[in-house]
Amino acid sequence: MLLPVPQLLETALDEVSAETRASVRRFVEARSLLIDANSCLSTSKSAPDETHVTPVRISANKQTEYDRYFAVERSEVCPAETLARAALESFQEVSLNAATGHSLTPIEEHLLGTALREGLAMLCAARE
Amino acid sequence: MRLTRSPPAPAQSQPPHPYRGDALVRWKVVHRAFFVIIDFILIGLTRLEMALVADRPAEVRLALLRLETLLLGSAVALRLAGDFPGTEYGPKVRDDMAAFDPEFSGSFSADHARMIKRIAVLSRVPPYAADEHGRVLSALDAVYRNHAWVCESFVGAKPSLAQGDGTQQSGVDLLVGQFRRRALHRAGCPSSTDITVKSTEAVRGAERHAVLAEEQAHDSASIPTT
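The shown structure was predicted, so the numbers you read here are calculated from the model rather than taken from an experiment.

Participant: Tell me about the pattern of salt bridges, and please be specific about residues and values.
Facilitator: Between side chains of opposite charge, pairing is possible as soon as their charged atoms come close. Scanning the model with the defined rule gives 21 salt bridges over all chains in all. Put simply, Glu15 of chain A and Arg21 of chain A hold a salt bridge, and the shortest N to O gap is 3.8 Å. Residue Glu15 of chain A is classed as partly exposed on the basis of its relative accessible area of 48%. Linked through salt bridges whose partners overlap, the residues forming this network are Glu10 of chain A together with Glu49, Arg114, Arg118 and Arg124 of chain B.

Participant: Could you give an account of the interface of chain B and chain A, with specific residues and numbers?
Facilitator: Listed by partner, the interface residues are 57 residues for chain B and 51 residues for chain A. Interface area, chain B with chain A, both sides summed: about 4800 Å², of which 66% is carbon and sulfur. Where chain B packs against chain A, one counts seven salt bridges. Close ionic contact of Lys62 of chain A with Asp101 of chain B constitutes a salt bridge, the shortest N to O distance being 2.7 Å. Sorting the residues of the side of chain B that touches chain A by element identifies α1 (23–54), α2 (57–81), α3 (89–100), α4 (110–118) and α7 (205–221) of chain B as the ones contributing at least two each.

Participant: Requested: an account of α3 of chain B, with residues and values cited.
Facilitator: With 12 residues, α3 of chain B should cover 16 Å at 1.5 Å per step; its first-to-last C-alpha distance of 15 Å lies within 8% of that length. Among the residues of α3 of chain B, Tyr89, Val93, Arg94 and Met97 of chain B are the ones counted as buried. Buried residues of α3 of chain B fall within an arc of 80° about the axis and therefore sit on the same side. For α3 of chain B, the exposed residues set more than 90 degrees away from the buried face come down to Pro91 and Ala99 of chain B. Along its buried surface, α3 of chain B packs onto α2 (61–69) of chain A together with α1 and α5 (130–155) of chain B.

Participant: Mind laying out the environment of Arg117 of chain A, listing which residues take part and the relevant values?
Facilitator: All names here are of chain A. With respect to the helices and strands, the residue Arg117 is situated in helix α4 (residues 106–124). On the accessibility criterion, Arg117 (6% relative accessible area) is buried. The spatial distance from the C-alpha of Arg117 to the C-alpha of Val24 is 8.2 Å, given a sequence separation of 93 residues.

Participant: Would you mind going over the nonpolar core in detail, with residue names and values included?
Facilitator: Within the largest apolar cluster, 92 residues are counted, with the highest numbers of intra-cluster contacts made by Leu123 of chain A together with Trp27, Val36, Phe40, Ile41, Leu48 and Leu122 of chain B. Of the residues forming this core, the biggest block, 19 residues, is contributed by α1 of chain B. In contact with Val36 of chain B, not counting residues within four places along its chain, are Met1, Leu3, Leu83, Ala86, Ala87, Ser90 and Leu116 of chain A.

Participant: Could you give me a rundown of the confidence of the model for chain A, with the residues and numbers involved?
Facilitator: Residue and element names in this part refer to chain A. In the predicted model, chain A carries a mean pLDDT of 82, and the fraction of residues at 70 or more is 74%. Element-level pLDDT for chain A is lowest in helix α1 (residues 18–30), with a mean of 88, against a maximum mean of 97 in strand β1 (residues 2–4). Counting contacts from residues 43–59, a segment whose pLDDT is below 50, to residues more than four positions away or on other chains yields 30 contacts.

Participant: How would you explain the packing of α5 of chain B against helix α6 (residues 171–186) of chain B if you had to name every residue and give the values?
Facilitator: Residues and elements named next belong to chain B. At a closest axis distance of 9 Å, the pairing of α5 and α6 adopts a crossing angle of 160°. One finds that α5 runs roughly antiparallel with respect to α6. Regarding α5 and α6, the two cross each other, and that crossing is right-handed. For the pair formed by α5 and α6, the contact residues are Leu137, Leu140, Asp141, Tyr144, Arg145, His147, Ala148, Cys151 and Glu152 on the first element and Val172, Leu175, Val176, Phe179, Arg180, Ala183 and Leu184 on the second. When the residues that make up the contact of α5 with α6 are grouped by side-chain class, the tally is 11 nonpolar, one polar and four charged.

Participant: How would you summarise the side chain of Arg26 of chain B if you had to cite specific residues and measurements?
Facilitator: Looking at the secondary structure, you find Arg26 of chain B in helix α1. Look at Arg26 of chain B and you get buried, because its relative accessible area is 0%. Reaching out from Arg26 of chain B, the side chain makes a polar contact with the backbone oxygen of Gly101 of chain A at a distance of 2.8 Å. In contact with Arg26 of chain B, other than residues within four places in its own chain, are Asn97, Ala98, Thr100, Gly101 and His102 of chain A together with Tyr19, Leu80, Ala81, Asp83 and Phe84 of chain B.

Thresholds, definitions, all that
- Per chain, residues are indexed from 1 in the order of the written sequence.
- Chain A is the first chain written and ligand 1 is the first ligand written, with later ones labelled in order.
- Residue-level local features of this predicted model are given only where pLDDT is at least 70; pairs of side-chain atoms are given and counted only at 80 or more, and the full residue set underlies all totals for whole chains, interfaces and linings.
- Computation of side-chain values covers all heavy atoms of the structure but excludes hydrogens and water.
- Just to be clear on terms, a salt bridge is a Lys or Arg side-chain nitrogen sitting within 4 Å of an Asp or Glu carboxyl oxygen.
- For every residue, the accessible area (1.4 Å probe, protein chains only) is compared with the maximum for its type, and the residue is labelled buried under 20%, exposed over 50%, or partly exposed between those bounds.
- Any two residues whose heavy atoms approach within 4.5 Å are treated as being in contact.
- As a working definition, buried area equals the accessible area (1.4 Å probe) given up by two parts on being put together, with both sides summed.
- Per the convention used, a helix needs a DSSP run of H or I reaching at least four residues, while a strand needs a run of E reaching at least two, with both numbered from the N terminus.
- Here, expected helix span is obtained from the residue count minus one, scaled by 1.5 Å.
- Our arc is simply the arc of the directions from the helix axis toward the C-beta atoms.
- Note on terminology: a nonpolar core comprises buried Ala, Val, Leu, Ile, Met, Phe, Trp, Tyr and Cys residues joined through side-chain atoms within 4.5 Å.
- What pLDDT reports is the predictor's confidence in each residue, on a scale of 0 through 100.
- Think of each axis as a best-fit line through the C-alpha atoms, taken over the contacting stretch in the case of a helix, with angles from 0 to 180 degrees between the N-to-C directions.
- Roughly parallel covers angles under 35 degrees, roughly antiparallel covers those over 145, roughly perpendicular covers 65 to 115, and oblique covers all other angles.
- Here a crossing is taken to be left-handed if its near helix is turned anticlockwise relative to the far helix by less than a right angle, and right-handed if that turn runs clockwise.
- Each residue is assigned to one of three groups, with Ala, Val, Leu, Ile, Met, Phe, Trp, Tyr, Cys and Pro labelled nonpolar, Asp, Glu, Lys and Arg labelled charged, and all others, Gly among them, labelled polar.
- Here a polar contact is recorded for every N or O atom pair within 3.5 Å, except that within protein the pair must consist of a potential hydrogen donor and a potential acceptor, and residues adjacent in sequence are included only if both atoms are side-chain atoms.

Below, the structure written as structure tokens:
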């Protein structure tokens with residue numbers, strides 16, 4: 001999963017692309033519970049363009065290693081687009097994983113789904 | 001008539017855990033969702049700061065309520081990350097992290113380190129948004145308690161990897177004690193103002209190491225990467 005360098009999220013954010021924005025809109029409007037969310041997500045791989053992938057040397061070695069453990073790469077460009085795609089990708093993989101069983105209550109499922117939707121809506125509202 | 005003693009009731013067996021997948025897969029997949037939410041929180045903190053600087057009360061309140069939602073979502077993400085049979089944590093997850101780095105710690109997350117540093121913005125919330133600020137602090141408290149719940153359900157009173165084996169303090173105590181109090185203090189929790197944030201008097205040996213790891217994460221988070 002490609003995530004932005006966190007410091008970039010404290011600057012003026014780029015505009016999320018129309019394609020990603022459309023995926024986000026479908027996702028936000030679906031309001032489905034976690035394990036049903038796959039039905040509203042595109043099955044196409046939401047990997048960012050190759051040109052967006054920039055190897056980044058985070059100052060602390062431990063941080064780089066931590067990222068590597070969790071299969072996270074970092075991008076120095078287009079933080080909003082990168083994060084929006086990562087969120088959609090993450091929701092999809094969490095939904096698939098949750099489908100194999102979990103013990104969350106409906107309220108907890110709601111809280112998790114709402115947080116992801118709220119974050120995505122915040123990204124897409126940046127320039128609206 | 002002589003009453004015969006009833007046979008002891010059979011010990012109530014725990015129902016099998018509903019998760020049928022691989023524990024390590026769940027651990028990593030849901031941690032990635034946690035990182036995404038933490039990044040959303042970073043944006044939310046920046047929006048809050050902008051609203052504070054512009055002195056826009058309605059936007060300040062809205063930003064705080066959004067942060068509450070995001071923090072509660074991150075608390076659930078932590079719980080879901082550890083939502084698998086407890087017997088699988090040691091051999092599947094803890095051993096895997098230890099093999100990767102014997103001092104493995106969530107404090108090494110770049111996103112988390114940045115969030116802990118930036119959370120001080122919350123201490124600047126004016127009195128007019130005290131209610132919303134209180135809700136954010138409760139949500140932040142829930143994040144630490146959920147994290148501790150995950151630790152406790154797997155390792156009980158044992159230390160975390162970062163603390164090492166020589167410590168007397170449990171990972172749970174460190175989380176809901178020092179780390180939670182420090183985060184709440186940074187976020188402007190009025191009841192934590194008497195806490196000496198950097199005091200390590202009660203933290204000895206390996207426990208100090210875990211605290212230092214988190215503080216180093218805070219320090220490294222302030223170093224620009226570009």
